[in-house]
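Breakdown of the fold
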Amino acid sequence: MSLKDQITEDMKSAMRAKEADRLLTIRGLMAAMKQKEVDERVTLDDAAIIGIVDKLIKQRKDSISQFAAAGRTDLVDKETAELKVLETYLPQRMSADEISAEVAKIVASLDAKGPGDMGKVMGAVKAQLAGKADMGLVSAAVKQALAR
């Protein structure tokens, strides 16, 4: 079953179970997917859907930090619940050690020497680790690898 089919089935089960908050989050994800398909005139594969989920998760994390700073615990709770629903659609994430090992392989294969090669390395790393790893951790690992 593709990720798109799984999301559709989860939406139906949330409707049947009358889980309004979960349903709202899944519908938001479906809307973002449909928007991307219409804008770019493509059919999304699992990798593209994971990219959309990553983007939505990043938005939720940003919102949580801003709402927490403003003391809005009600909105923090809502965004946290949405974040948990969205995280169910991500594959198992790589650990920091696994990320460092992959980055080291890519840096060696590209023969990158220093911080000036950051863009070249990040392009290759994004292509290989998209959806598998938190890009914030990946960026830190690349900086560390190129600083040596």
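Residues numbered from 1 in each chain as written. Predicted model: local features only at pLDDT ≥ 70, side-chain atom pairs only at ≥ 80, totals over all residues. Heavy atoms only, no water.

**Overview of the nonpolar core**
Let me state the cut-off plainly: The definition of a nonpolar core used throughout is a set of buried Ala, Val, Leu, Ile, Met, Phe, Trp, Tyr and Cys residues joined through side-chain atoms within 4.5 Å. When a residue's accessible area, from a 1.4 Å probe over protein chains only, is under 20% of the maximum for its type it is buried; when over 50% it is exposed; and in between it is partly exposed. Every helix listed is a DSSP run of H or I at least four residues long, and every strand listed is a run of E at least two residues long, numbered separately from the N terminus. The contact definition used throughout considers only heavy atoms, calling two residues in contact when any of these lie within 4.5 Å.
Ranked by internal contacts, the top residues of the largest apolar core, which has 22 residues, are I7, L29, M33, I49, V53 and Y89. Elements represented by at least two residues in this core include exactly helix 1 (3-16), helix 2 (20-40), helix 3 (46-70) and helix 4 (73-87). Among the elements that take part in this core, helix 3 stands out by supplying seven residues, more than any other. Each residue touching I49, except ones within four places of it in the same chain, is listed here: L3, K4, I7, M33 and L44. Among the nonpolar cores identified, the runner-up in size contains 17 residues, and V107, V121, V125 and L146 belong to it.

**Concerning the pattern of salt bridges**
As a reminder, the rule being used: For salt bridges, the criterion is a side-chain nitrogen of Lys or Arg within 4 Å of an Asp or Glu carboxyl oxygen.
According to the stated counting rule, one finds 11 salt bridges in the structure shown. For the salt bridge of R93 with D54, the shortest nitrogen-to-oxygen distance reads 2.4 Å. Of this pair, R93 sits in the loop between helix 4 and helix 5 (96-110) while D54 is found in helix 3, placing the two residues 39 residues apart along the sequence. Classification of R93 as partly exposed rests on a relative accessible area of 27%. The partly exposed category is assigned to D54, whose relative accessible area is 23%. Note that E79 and R60 form a salt bridge whose closest N and O atoms lie 3.6 Å from each other. Residue E79 is located in helix 4, and its partner R60 is located in helix 3; the two are separated by 19 residues in the primary sequence. Overall, the relative accessible area of 11% leaves E79 in the buried class. Residues participating in the shared-partner salt-bridge network are R60, K78, E79 and E82.

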